[in-house]
Amino acid sequence: MEDPGELLAVLAAGLGAGAVNAAVGSGTLISFPVLLAVGLPPVTAAVSNALGLIPGSISAAIGYRRELAGQRRRILTWSAGALVGGLTGATLLLALPASAFERIVPVLVGLALVLVVLQPLIGRRLRERRSREGRTAPADGGPPLIVGLTLASVYGGYFSAAQGIIYVSLMGLRLDDGLQRLNAVKNVLVAVVNTVAALFFLAVADFDWTAVALLAVGSAVGGQAGAAAGRRLHPAVLRGLIVVVGTAAIVQLSVR
């Protein structure tokens, strides 16, 4: 990959992916196709993409640091599951054929979008039920959420497209918390999964250092820009943006 146009395209893809990941999720659907278009084999592209987007995930988490305040304990709990899940997913990427997840991924993303749309209604019903029964929501969502986030991290380590949307939908069902705070945690979990998967790939898989470097620079800048924009969005607008991006993800994944 030496053509200036290709280099610029990968840099721009990193910028766009970093921004979209920070605000919504699904940035991989911008960067991964570009890596394929410039000639990288699918597995090499997936590995290079995971490595290159790490700075963007970290940048996005830093951009949401105010929303992360007071969430340290549950972030540590969920990050442990994300680490295990991400490593498992990275192993599956090298062990299974690429077609293994192709049919189920659009279904997973579609289900996540339905949950995102219905989350205000479901959350209100759950709060009313807990109020009648004199119970409060577990601060970490309880075992069901921990298991769900860990399984979502397996998917994220395998192929991270719309991983953030799945995280937000699961957290929204189990927690009485604002969407922006959940979005902030999503960025941390994505960073954990990308990092552990990338470290695994460094030891056992081929990657393209040029693509990695360009994505890293672009995603780091994009992560800050996406966080700055995303934090200003009203929750209803952010929810709508998640649905739009997620729907585009389903279409793209279905026609691949």
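Up top is the structure.
Fair warning: this is a prediction, and the values are worked out from it, not measured in the lab. (Residues numbered from 1 in each chain as written. Predicted model: local features only at pLDDT ≥ 70, side-chain atom pairs only at ≥ 80, totals over all residues. Heavy atoms only, no water.)

**Q** Account for the pattern of salt bridges, naming residues and giving values.
**A** Side-chain pairing between opposite charges can occur once the charged atoms of the two side chains come close. Under the counting rule described, the total for this entry stands at three salt bridges. Of the charged contacts, one joins Arg231 and Glu67 as a salt bridge, the two residues approaching to 3.0 Å between their closest N and O atoms. Within this pair, whereas Arg231 is found in the loop between helix H11 (209-230) and helix H12 (235-255), its partner Glu67 is found in helix H5 (residues 65-68), the two being separated by 164 residues in sequence. Note on Arg231: relative accessible area 24%, which makes it partly exposed. By sharing partners, the salt bridges in this structure join Arg74, Asp177 and Arg181 into a single network. (Salt bridge = Lys/Arg side-chain N within 4 Å of Asp/Glu carboxyl O. Helix = DSSP H or I, 4+ residues; strand = E, 2+ residues; numbered from the N terminus. Buried < 20%, exposed > 50% of the residue type's maximum accessible area, 1.4 Å probe, protein only.)

**Q** Describe in detail the packing of aromatic side chains, supporting the description with residues and values.
**A** Enumeration over the complete set of coordinates arrives at two aromatic pairs. Ring geometry for Phe207 against Trp209: centres 4.8 Å apart, planes inclined by 90 degrees, an arrangement best described as edge-to-face. On the accessibility criterion, Phe207 (21% relative accessible area) is partly exposed. On the basis of relative accessibility, which here comes to 56%, the residue Trp209 falls in the exposed class. (Phe/Tyr/Trp six-rings, centres within 6.5 Å; stacked < 30°, edge-to-face > 60°.)

**Q** Can you lay out the side chain of Gln163 for me, pointing to particular residues and giving the numbers?
**A** With respect to the helices and strands, Gln163 occurs in helix H9 (residues 163-174). With residues up to four places along the chain from it excluded, the contact list for Gln163 reads Tyr155, Gly156, Leu189, Val190, Val193 and Asn194. (Contact = heavy atoms within 4.5 Å.)

**Q** Describe the environment of Ala184, naming the residues involved and giving the relevant values.
**A** Among the structural elements, Ala184 can be located in helix H10 (residues 179-204). A C-alpha to C-alpha distance of 8.1 Å links Ala184 and Ala60, two positions 124 residues apart in sequence. Apart from residues lying up to four places away in sequence, Ala184 is in contact with Tyr64, Glu67 and Leu68.

**Q** How would you explain the nonpolar core if you had to name every residue and give the values?
**A** By size, the foremost hydrophobic cluster in this structure holds 47 residues, and its most contacted members are Trp78, Tyr167, Met171 and Phe201. Among the elements that take part in this core, H10 stands out by supplying 10 residues, more than any other. Ignoring any residue separated from it by four or fewer positions in sequence, one finds Met171 in contact with Trp78, Leu145, Leu149, Leu182, Val185 and Lys186. Formed by 10 residues, the second largest nonpolar core is a distinct cluster that contains Ala23, Val24, Ile165 and Ile242. (Core = buried A, V, L, I, M, F, W, Y, C linked by side-chain atoms within 4.5 Å.)

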